Amino acid sequence: KTQTLKTLFDIIRSCCNTIMNRVFGKKKKAAPAPSLSDASSGLGGRMDEMDKKIAGLENELRVFKDKIKKATSPAAKKNLQKRAMEVLKRKRMYENQRDVIASQQFNIDQASFGIESAKANVSTVAAMKAANTELKTVMKNDLNIDDIDDIADDMAELMDDF
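Residues numbered from 1 in each chain as written. Predicted model: local features only at pLDDT ≥ 70, side-chain atom pairs only at ≥ 80, totals over all residues. Heavy atoms only, no water.

Colleague: Can you help me understand the overall build of the protein chain in this one?
Modeller: Of regular secondary structure, the protein chain possesses 4 helices and 0 strands. Secondary structure elements of the protein chain occur, N-terminal to C-terminal, as α-α-α-α. On the principal axes, the C-alpha backbone points of the protein chain span a range of 115 × 90 × 15 Å. Among the 162 residues that make up the protein chain, the fraction classed as buried is 12%. (Helix = DSSP H or I, 4+ residues; strand = E, 2+ residues; numbered from the N terminus. Buried < 20%, exposed > 50% of the residue type's maximum accessible area, 1.4 Å probe, protein only.)

Okay, here's the thing in structure tokens:
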């Protein structure tokens, strides 16, 4: 009887969970964080887009400058100047956005360089540890102090004979 109640309770709970998930939705899994290289390349692409927009606005400004020079009536000049100022404001806005993106990309590149340096340091330390153990082994097993003393004594005797 208790087993039947427990099974019934489990069925009711799963039905309630299903209904609640349909009504309120399930919790979505968080997307993995982008790597530094992905973020840097994405920002690089955005900077290229900004540069294209800025170049287009510079061309517009040249056209307005030529039209202003050729305009004869003051009203037409004023209207062209007003439109040129709007284009110039948009150009400055895009330049500011490009500068912000460039500083963000610089920060990401600096972080990437720091990580690469840390990895290089770790591998250098590991190589130094391995070399240190190998040196200790060679010194302990292959190098005999008595042999060195004998060679030094023999050399001293040979030098005395000269």
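Don't stop here, the text continues.
Colleague: Even after reading the chapter, I still don't get the packing of helix 2 (residues 36-70) against helix 3 (residues 74-141), so can you show me in this structure?
Modeller: Geometry of a packed helix pair, given as the angle between the helix axes and the separation of the axes. Where helix 2 contacts helix 3, the axes come no closer than 8 Å and their chain directions differ by 160°. With respect to helix 3, the element helix 2 is oriented roughly antiparallel. Here the hand of the crossing between helix 2 and helix 3 comes out left-handed. A breakdown of the residues in the contact of helix 2 with helix 3 according to their chemical character gives 20 nonpolar, 7 polar and 13 charged. (Axes fitted to C-alpha atoms, helices over the stretch in contact; angles between N-to-C directions. Parallel < 35°, antiparallel > 145°, perpendicular 65-115°, else oblique. Left-handed = near helix turned anticlockwise from the far one by under 90°. Nonpolar A, V, L, I, M, F, W, Y, C, P; charged D, E, K, R; others polar.)

Colleague: Mind showing me how you'd approach the side chain of Lys91 here?
Modeller: Tracing the backbone through its elements, the reader meets Lys91 in helix 3. A residue is classified by how much of its surface remains accessible, and Lys91, at 15% relative accessible area, is buried.

Colleague: Can you help me understand the nonpolar core in this one?
Modeller: Within soluble globular proteins, side chains that are nonpolar tend to cluster in buried spots. The biggest cluster of nonpolar side chains holds 15 residues, and the ones touching the most others in it are Phe64, Leu80, Val87, Tyr94 and Ile101. Listing elements by their share of this core, those giving two or more residues are helix 2 and helix 3. It is helix 2 that contributes the most residues to this core, 8 residues altogether. (Core = buried A, V, L, I, M, F, W, Y, C linked by side-chain atoms within 4.5 Å.)

Colleague: What's the story with the environment of Leu43 in this structure? I'm lost.
Modeller: For Leu43, the location among the structural elements is in helix 2. In this structure the C-alpha to C-alpha distance between Leu43 and Lys6, which are 37 residues apart in sequence, comes to 56 Å. When near neighbours in sequence (up to four residues on either side) are disregarded, Leu43 contacts Ile101, Gln104, Gln105 and Ile108. (Contact = heavy atoms within 4.5 Å.)

Colleague: It is not clear to me how the side chain of Ser40 should be interpreted in this structure. Could you clarify?
Modeller: Its location among the elements puts Ser40 in helix 2. Accessibility expressed as a relative area gives 12% for Ser40, which makes it buried.

Colleague: Honestly, the pattern of salt bridges in this entry has me stumped. Any pointers?
Modeller: For side chains bearing opposite charge, pairing can occur when the charged atoms are close. Applying the stated rule across the entire model yields 6 salt bridges. One salt bridge connects Glu58 with Lys91, and the closest N-O pair in it is separated by 3.6 Å. One end of the pair, Glu58, is in helix 2; the other, Lys91, is in helix 3, and 33 residues separate them in sequence. Residues Arg90 and Glu60 are paired through a salt bridge, measuring 3.8 Å at the closest nitrogen-oxygen approach. Placement of Arg90 in helix 3 and of Glu60 in helix 2 is noted, with a sequence separation of 30 residues between them. Overall, the relative accessible area of 34% leaves Glu60 in the partly exposed class. One network of salt bridges, with partners in common, ties together Asp51, Arg98 and Asp99. (Salt bridge = Lys/Arg side-chain N within 4 Å of Asp/Glu carboxyl O.)

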